[in-house]
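The chain contents come next:
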Amino acid sequence: MALLTPEEIGGYVLAGGKSSRMGRDKALLELAGKPLVHHAVTKLRRVCRDVRVLSDNPELADFAPIVPDLHPNCGPMGGMEAALVHSVFDWNLFLPVDMPFLPSAFIAGWLRNWLPEERRRGARVRMFTVDGRPQPGFCLLHKDVAPFLSEALELAEFKLLPVFEAAGRELSLRQELLPEARLWNVPMTDFHGTRGNSPGEDWCTTTDAQDAAKHLWFANLNTPEEFSEAEQHLDALDT
């Protein structure tokens, strides 16, 4: 049976972007009759002890408490910095608001299988590479990473991956960790959820529809065309 107790980590929805290619705030776009921010918050509440939305849009406070950027208009890095400064947890999970198809079962299984190992090894950054492309928007960060984000923002360096790599390298040296502990950026492999036996546990396993839509799990909905495609896969949502 799946373990459904949320982990002692903070959960943060990245929802502070300008949505310029979409033409309106993506967080409030409805997919299957529910705003994207609802889908993201629901997923994180299944696995995290506390969930917040990284945005300065007061409308999003209806879904979870909001945390505004300390450095506005700096993209996802600004939100991550604000989250790590705000959080009372050592570990914090970030989920982009426009990634509605990543299954809750995948997220929960990843955390519960790998978080204890990361704690033992000392890695401070965890993320995935999908089809050869790094996915730093969906990641697990330790609060130790916060100063590296702040420094990069002060220098107007907004690309996440180089900052994650620098943080992992420096933190591993400080803690005298093995080189492999610097940055855990691993290819996404096949995943099968654990089926629950109680009401409300349907999300604990991936469905046939989700498996068929695996190409959308890490897809960001940036344009009206991408949103239209997403509407053809509503059966792959678990929220």
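Owing to the predicted nature of the structure, the values given are computational and were not obtained by experimental measurement.

1. Some points on the overall build of the protein
Here is step 1: Helix and strand counts for the protein stand at 7 helices and 9 strands.
Here is step 2: Counted over contacts in the protein with a minimum sequence separation of 6, partners at least 24 positions apart contribute 73%.
Here is step 3: On the protein, roughly 11300 Å² of surface is accessible, and the fraction owed to carbon and sulfur atoms is 50%.

2. Brief notes about the packing of helix H2 (residues 76–86) against helix H5 (residues 160–174)
Here is step 1: Close contact between H2 and H5 brings their axes to 10 Å; oriented N to C, the two are set at 40°. By the criterion of interaxial angle, the relationship of H2 to H5 is oblique. Between H2, through Pro76, Met77 and Met80, and H5, the contact on the second element is made entirely by Leu160, Val163 and Phe164.
Here is step 2: Considered class by class, the residues forming the contact of H2 with H5 number 6 nonpolar, no polar and no charged.

3. Regarding the confidence of the model for the protein
Where the model shows low pLDDT, its predicted coordinates should not be examined in detail.
Here is step 1: Per-residue confidence for the protein gives a mean pLDDT of 85, with 81% of residues at or over 70.
Here is step 2: Scored below 50 in pLDDT, residues 192–199 shows 16 contacts in the model against residues more than four places distant or in partner chains.

4. Looking at helix H4 (residues 146–154)
Here is step 1: Within the span of H4, buried status applies to Ala146, Phe148, Leu149, Ala152 and Leu153. The buried side chains of H4 occupy one side of the element, clustering within an arc of 165° when seen end-on. Opposite the buried face of H4, by more than 90 degrees, sit the exposed residues Pro147 and Glu154.
Here is step 2: Positive phi appears at Ala156, one or two residues downstream of H4, with a value of about 60°.

5. Considering the packing of H4 against H5
Here is step 1: At a minimum axis separation of 9 Å, H4 and H5 run at an interaxial angle of 135°. Regarding the angle of H4 to H5, the classification is oblique. Here the hand of the crossing between H4 and H5 comes out right-handed. For the pair H4 and H5, the contacting residues are Phe148, Leu149 and Ala152 in the first and Val163, Phe164, Ala166, Ala167, Glu170, Leu171 and Arg174 in the second.

6. A short note on the side chain of Gln135
Here is step 1: One can find Gln135 in strand E8 (residues 133–142).
Here is step 2: Gln135 sits in the buried class, given a relative accessible area of 14%.
Here is step 3: Here the side chain of Gln135 touches Arg133 through a polar contact of 3.5 Å, landing on its backbone oxygen.

7. Comments concerning helix H1 (residues 36–47)
Here is step 1: A rise of 1.5 Å per residue sets the reference length of H1, with its 12 residues, at 16 Å; its end C-alpha atoms lie 18 Å apart and thus fit the reference within 8%.
Here is step 2: Most of H1 sits out of view: 10 of its 12 residues are buried.
Here is step 3: By the burial criterion, the buried members of H1 are Leu36, Val37, His39, Ala40, Val41, Thr42, Lys43, Leu44, Arg46 and Val47.

8. Points about the nonpolar core
Here is step 1: Core analysis: the largest hydrophobic core is formed by 46 residues, its most contacted members being Leu93, Leu102, Phe138 and Phe218.
Here is step 2: Elements represented by at least two residues in this core include exactly strand E1 (7–14), H1, strand E4 (48–54), strand E6 (91–96), helix H3 (104–121), strand E7 (125–130), E8 and helix H7 (224–230).
Here is step 3: If sequence neighbours within four positions are ignored, Phe138 has contacts with Leu93, Phe94, Leu95, Pro96, Met99, Leu102, Phe106, Ile107, Trp110, Met127, Phe128 and Phe218.
Here is step 4: If you look at the next biggest cluster of nonpolar residues, it comprises 26 residues, including Val67, Ala82, Val125 and Val163.

9. Points about the pattern of salt bridges
Here is step 1: As enumerated under the stated definition, the model contains 7 salt bridges in all.
Here is step 2: With its nearest N and O atoms 3.6 Å apart, the salt bridge here joins Arg112 to Glu7. Separated by 105 residues along the polypeptide, Arg112 in helix H3 and Glu7 in strand E1 bring together distant segments of the chain.
Here is step 3: Residue Glu7 is classed as buried on the basis of its relative accessible area of 17%.
Here is step 4: One salt bridge in this structure joins Asp50 and Arg52, with 2.8 Å as the shortest N-O distance.
Here is step 5: Note on Asp50: relative accessible area 25%, which makes it partly exposed.
Here is step 6: The exposure class assigned to Arg52 is partly exposed, which follows from its relative accessible area of 22%.
Here is step 7: Each of Lys43, Arg46 and Asp238 takes part in a single network of salt bridges with overlapping partners.

Each value, and the rule that gives it
Residues numbered from 1 in each chain as written. Predicted model: local features only at pLDDT ≥ 70, side-chain atom pairs only at ≥ 80, totals over all residues. Heavy atoms only, no water. Helix = DSSP H or I, 4+ residues; strand = E, 2+ residues; numbered from the N terminus. Contact = heavy atoms within 4.5 Å. Areas by Shrake-Rupley, 256 points an atom, 1.4 Å probe, with all protein chains shown as cover. Axes fitted to C-alpha atoms, helices over the stretch in contact; angles between N-to-C directions. Parallel < 35°, antiparallel > 145°, perpendicular 65-115°, else oblique. Nonpolar A, V, L, I, M, F, W, Y, C, P; charged D, E, K, R; others polar. pLDDT = per-residue confidence, 0-100. Buried < 20%, exposed > 50% of the residue type's maximum accessible area, 1.4 Å probe, protein only. Arc of directions from axis to C-beta. Left-handed = near helix turned anticlockwise from the far one by under 90°. Polar contact = N/O pair within 3.5 Å; in protein donor to acceptor, adjacent residues only side chain to side chain. Expected span 1.5 Å × (residues − 1). Core = buried A, V, L, I, M, F, W, Y, C linked by side-chain atoms within 4.5 Å. Salt bridge = Lys/Arg side-chain N within 4 Å of Asp/Glu carboxyl O.

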